[in-house]
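What the coordinates show
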Amino acid sequence: MRIAGIEPESIVDGPGIRFAVFAQGCPLQCSGCHNPGTWDPCGGREVDVKEIIAAMRSSVLANGLTLSGGEASRQPGDCARLARAAHEMEWDVWAWSGYTVEALIRQARRDADLADMLDQIDVLVDGPFQLTHRTLTLPWRGSSNQRIIDVPATLRVGRAVETL
């Protein structure tokens, strides 16, 4: 997996103490992005997913996995493996995407790895960061257009189900 970095004990990337994996590469390149160093798909470094899972398992403080980036949905097979391992550890899985959940579901119809990744995500913060809608008051979001999505409920009912 090509990553920009890992934060093994993040307190800002979802609720609780999270093991955050920042995927490298983002085709969206939103103006005002918090992580522009993650845009280049050739940047960052390659890490074996097994190594990341081992680091997750050795964590004594983390209680959840965060998949961010960059754009984690561009490496769906690896992200699905990480999420599956997190669930085996009884962690929840949060992900951030500049794509809306509707767009990801459409893409997943043609991409089995992305469908698998979506099946493993509990909560998705979706939508592109929009500098004109920047906010510091909404939890877990950088701009007011972004939503916090209950992914299992969304997949069950076939429409976006917001949570929190």
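Residues numbered from 1 in each chain as written. Predicted model: local features only at pLDDT ≥ 70, side-chain atom pairs only at ≥ 80, totals over all residues. Heavy atoms only, no water.

As annotated in an unreviewed UniProt entry, the protein chain is Anaerobic ribonucleoside-triphosphate reductase-activating protein from Cutibacterium modestum.

**Remarks on the state of the cysteines**
Enumeration over the complete set of coordinates arrives at 0 disulfides. C26 forms no disulfide, and the closest cysteine sulfur to it belongs to C30, at a distance of 6.1 Å. Of all cysteine sulfurs, the one in C26 lies closest to C42, which takes part in no disulfide; the gap is 14 Å. (Disulfide = S-S within 2.5 Å.)

**Comments concerning the packing of aromatic side chains**
Enumeration over the complete set of coordinates arrives at 3 aromatic pairs. Seen from their ring centres, W94 and W96 are 5.7 Å apart, and the 35° between their planes marks the pair as tilted. Pair check on accessibility: W94 and W96 agree, each one buried. Centre to centre, the rings of W94 and W140 are 5.7 Å apart; their planes meet at 75°, and the pair counts as edge-to-face. Here W94 is found in strand 5 (residues 92-96), whereas its partner W140 is found in the loop between strand 6 (123-126) and strand 7 (147-150), with 46 residues between them in sequence. Clustering of aromatic rings is evident, with ring pairs tying together W94, W96 and W140. (Phe/Tyr/Trp six-rings, centres within 6.5 Å; stacked < 30°, edge-to-face > 60°. Buried < 20%, exposed > 50% of the residue type's maximum accessible area, 1.4 Å probe, protein only. Helix = DSSP H or I, 4+ residues; strand = E, 2+ residues; numbered from the N terminus.)

**Side note on the pattern of salt bridges**
A full pass over the atoms with the stated rule returns 6 salt bridges. Close ionic contact of E46 with R2 constitutes a salt bridge, the shortest N to O distance being 3.4 Å. Taken together, the residues span a long stretch of sequence, with E46 in strand 3 (residues 45-46) and R2 in strand 1 (residues 2-10) at a distance of 44 residues. Across the salt bridge formed by R18 and D92, the nearest N and O atoms sit 3.0 Å from each other. Linking R18 in strand 2 (residues 18-23) with D92 in strand 5, this pair joins segments that are 74 residues apart in sequence. (Salt bridge = Lys/Arg side-chain N within 4 Å of Asp/Glu carboxyl O.)

**Here's the deal with the environment of S144**
Residue position: S144 is located in the loop between strand 6 and strand 7. Between the alpha carbons of S144 and H133 there is a distance of 5.4 Å; along the sequence they are 11 residues apart.

**Some details on the sheet that holds strand 3**
Two modes of strand pairing occur in sheets, parallel and antiparallel, and in both the strands are linked by backbone hydrogen bonds. Here we have 7 strands laid out as an open sheet, ordered 3-1-2-4-5-6-7, and mixed in their pairing. Of all the strands in the sheet, the pair left with one neighbour each is strand 3 and strand 7. Bridge count between strand 6 and strand 7: 4 bridges; the pairing is antiparallel. Of the residues in strand 7, the one forming a bridge with D126 is R147. Contacting strand 2, strand 4 (64-68) and strand 5, helix 2 (residues 76-88) runs over the sheet at an angle of about 165° to strand 4. (Pairing = 2+ DSSP bridges. Contact = heavy atoms within 4.5 Å. Axes fitted to C-alpha atoms, helices over the stretch in contact; angles between N-to-C directions.)

**So, the packing of helix 3 (residues 101-108) against helix 4 (residues 112-120)**
Describing two packed helices takes the angle between their axes plus the distance from one axis to the other. Between helix 3 and helix 4, the least distance of the axes is 7 Å, while the angle of their chain directions is 135°. Taken together, the axis directions place helix 3 and helix 4 in an arrangement best described as oblique. Between helix 3 and helix 4, the contacting residues are L104, I105, Q107 and A108 on the first element and A112, L114, A115 and L118 on the second. Residue composition of the contact of helix 3 with helix 4, grouped by class: 7 nonpolar, 1 polar and no charged. (Parallel < 35°, antiparallel > 145°, perpendicular 65-115°, else oblique. Nonpolar A, V, L, I, M, F, W, Y, C, P; charged D, E, K, R; others polar.)

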